[in-house]
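What follows is the residue order along each chain.
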Amino acid sequence: MKKRILIAAGAIGVFLGLFGSWVTYEGLHRTSDDKFCIVCHEMAPMVSAYHTDPHGGQGESGFKASCVSCHMPHDNVFNYIYTKAKNGVVEGAIHFFGDVDAIDWHANRKNRDKFVYDDGCISCHSNYKTNAFISPKGQQMHTHYDALLGTDKQIGCASCHVEVGHKGLRTVLNYYKPEYEYYEGKFDAEKEAVEKGLIEAFKKGE
Amino acid sequence: MSGGKTLAIAGVFLVLGVMSLIGGESDSPLKPIVITPELREEYPLKSHHAKLSLECVFCHEGQGDNPREFKMIGDEGCLSCHQSKEHVAERLAFMDKLHVNPHNSIHDGPTLYCDECHNEHKPSTNMCAECHEHDIDLWMGPTP
């Protein structure tokens, strides 16, 4: 009798464990792409620039990285879930209660090393040190990057690869918020085209 | 006769040996450049390059190990990292709408030398200002 209870309890445990894993996996997976993130996250220009980038499906292979591939830590699953939950709360709060117009996107680009995670880049670009397609200068810089790892001078992938993942980001940001007054009101047509493009891309399920 | 031949062969080897020694010396690795505070003051880096802890020889490649004898690196040097003039023009594409993209200027297109405006170890200038001194502050920020 005791044995049966033990077996039943074990079976229920396995079922609950698998079910929990499945829910977690699906939950994390379905909340990882631009379509989901843009619901709360103020990032129309970033998504638009991403759609024209090799990382957004415009490369030769058509491969598409998702937002979380680069913008979440991949060192361990707990840190990943914690960062994601924290971002969700913060972004949601800014979206619903914050002053969205006050966000200085141009200035925020300077913080790119904080919101682009190298372990995400390297999980795909694992051969960045040996890839023969990288120019000699690129290889020299990657060796330099490696030499600075763990020192107080450490740099990130995005330190040099400034618009990586979002082709023409500075330009699209200017359509929304011009850096200089002179351009104020001059990009209405471009901004409208970007918004239209986004709606169409999401309709197509891209 | 055979003694003379041996001597000639030995002579050839001796000459070759000396040549290889001289050649070997010129290939010896350069002394690493220690960037002293004085050097840093004399040849300061732009903040965006300083942040990357770039070393002198990354730009001044094959120019020896004496910073005081380094030469300008020219467009080719800049573009070994910054890709191409068209690429840097593309990065400022929004400025094209009002024809004020300095990397794709209405007068010159993407053809200007980098150092017409950009300097590394001294303040940069803005060539546009030579004629448009009253307007450029509206169009663009300080030249990096």
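The rules behind each value
- Residues numbered from 1 in each chain as written.
- Chains lettered and ligands numbered in written order.
- Predicted model: local features only at pLDDT ≥ 70, side-chain atom pairs only at ≥ 80, totals over all residues.
- Helix = DSSP H or I, 4+ residues; strand = E, 2+ residues; numbered from the N terminus.
- Buried ≥ 20, exposed ≤ 12 C-beta atoms within 10 Å, placed from the backbone.
- Contact = placed C-beta atoms within 7 Å.
- Rg over C-alpha atoms; globule rule 2.2 N^0.38 Å.
- Core = buried A, V, L, I, M, F, W, Y, C linked by C-beta atoms within 7 Å.
- Nonpolar A, V, L, I, M, F, W, Y, C, P; charged D, E, K, R; others polar.
- Axes fitted to C-alpha atoms, helices over the stretch in contact; angles between N-to-C directions.
- Left-handed = near helix turned anticlockwise from the far one by under 90°.
- Parallel < 35°, antiparallel > 145°, perpendicular 65-115°, else oblique.

Asks: Got a minute to help me understand the overall build of chain B in this structure?
Replies: Each helix and strand counted, chain B has eight helices and zero strands in total. Helices and strands in chain B line up, N terminus first, as α-α-α-α-α-α-α-α. Going through the 144 residues of chain B one by one, you find that 6% of them count as buried. Within chain B, counting contacts between residues at least 6 apart in sequence, those at least 24 apart form 43% of the total.

Asks: For this particular structure, what's the right way to read the overall build of chain A?
Replies: Within chain A, the regular secondary structure consists of 12 helices and zero strands. The C-alpha atoms of chain A give a radius of gyration of 21 Å, which is well past the 17 Å a tight globule of 206 residues would have. Oriented by its inertia axes, the alpha-carbon framework of chain A measures out at about 85 × 45 × 35 Å. Per-residue burial for chain A yields a buried fraction of 18% across its 206 residues. A separation threshold of at least 6 residues defines the contact pool for chain A, and within that pool the share at least 24 residues apart is 66%.

Asks: Would you mind showing me how to read unusual backbone geometry here?
Replies: All names here are of chain B. One non-glycine residue, S53, lies in positive phi territory at about 50°. On the basis of neighbour counts, which here come to 17 C-beta atoms within 10 Å, the residue S53 falls in the partly exposed class. Even without a glycine there, the phi angle at Q83 is positive, about 70°. On the secondary structure map, Q83 appears in the loop between α5 (74-82) and α6 (85-91).

Asks: Would you mind showing me how to read the nonpolar core here?
Replies: Nonpolar side chains in soluble globular proteins generally cluster together in the buried interior. Within the largest apolar cluster, 12 residues are counted, these being M46, V47, A49, Y50, L169, V172, L173, Y175 and F187 of chain A together with F94, M95 and V100 of chain B. Of all the secondary structure elements, the ones that give two or more residues to this core are α3 (44-51) and α11 (169-176) of chain A. Listed in part, the 10 residues of the second largest apolar core include C67, V68, M72 and C121 of chain A.

Asks: Help me understand the interface of chain A and chain B, please; the structure alone is not making it clear to me.
Replies: Many analyses report the size of an interface as the accessible area lost when the parts associate. The partner chain B presents 13 residues to the 18 residues of chain A that form the contact. Of all the secondary-structure elements, those providing two or more residues to the side of chain A that touches chain B are α9 (136-148), α10 (157-160) and α11 of chain A. Per-element tally for the side of chain A that touches chain B: the top contributor is α11 of chain A, with four residues. Here the residues of the side of chain A that touches chain B are counted per class, giving seven nonpolar, five polar and six charged.

Asks: Looking at this structure, I do not really get the packing of α3 of chain A against α11 of chain A. What am I missing?
Replies: Two measures define how a pair of helices packs: the angle their axes make with one another and the distance between the axes. Residues and elements named next belong to chain A. For the pair α3 and α11, interaxial distance at closest approach is 9 Å and the crossing angle is 145°. Between α3 and α11 lies a crossing of right-handed hand. Taking contact as the criterion, the partners of P45, M46, S48 and A49 in α3 are, on α11, L169, V172, L173, Y175 and Y176. Residue composition of the contact of α3 with α11, grouped by class: eight nonpolar, one polar and no charged.

Asks: Sorry, what's going on with the packing of α3 of chain A against helix α12 (residues 188-203) of chain A here?
Replies: Residue and element names in this part refer to chain A. Packing of α3 against α12 brings their axes to within 10 Å, and their N-to-C directions diverge by 70°. Taken together, the axes of α3 and α12 are roughly perpendicular relative to one another. Considering only the axes of α3 and α12, their crossing is left-handed. Here A44, P45, V47, S48 and H51 of α3 lie close against α12, whose contacting residues are V194, E195, G197, L198 and A201. Tallied by class, residues from the contact of α3 with α12 come to six nonpolar, three polar and one charged.

Take it as geometry only, folks, not as evidence of what the structure does.
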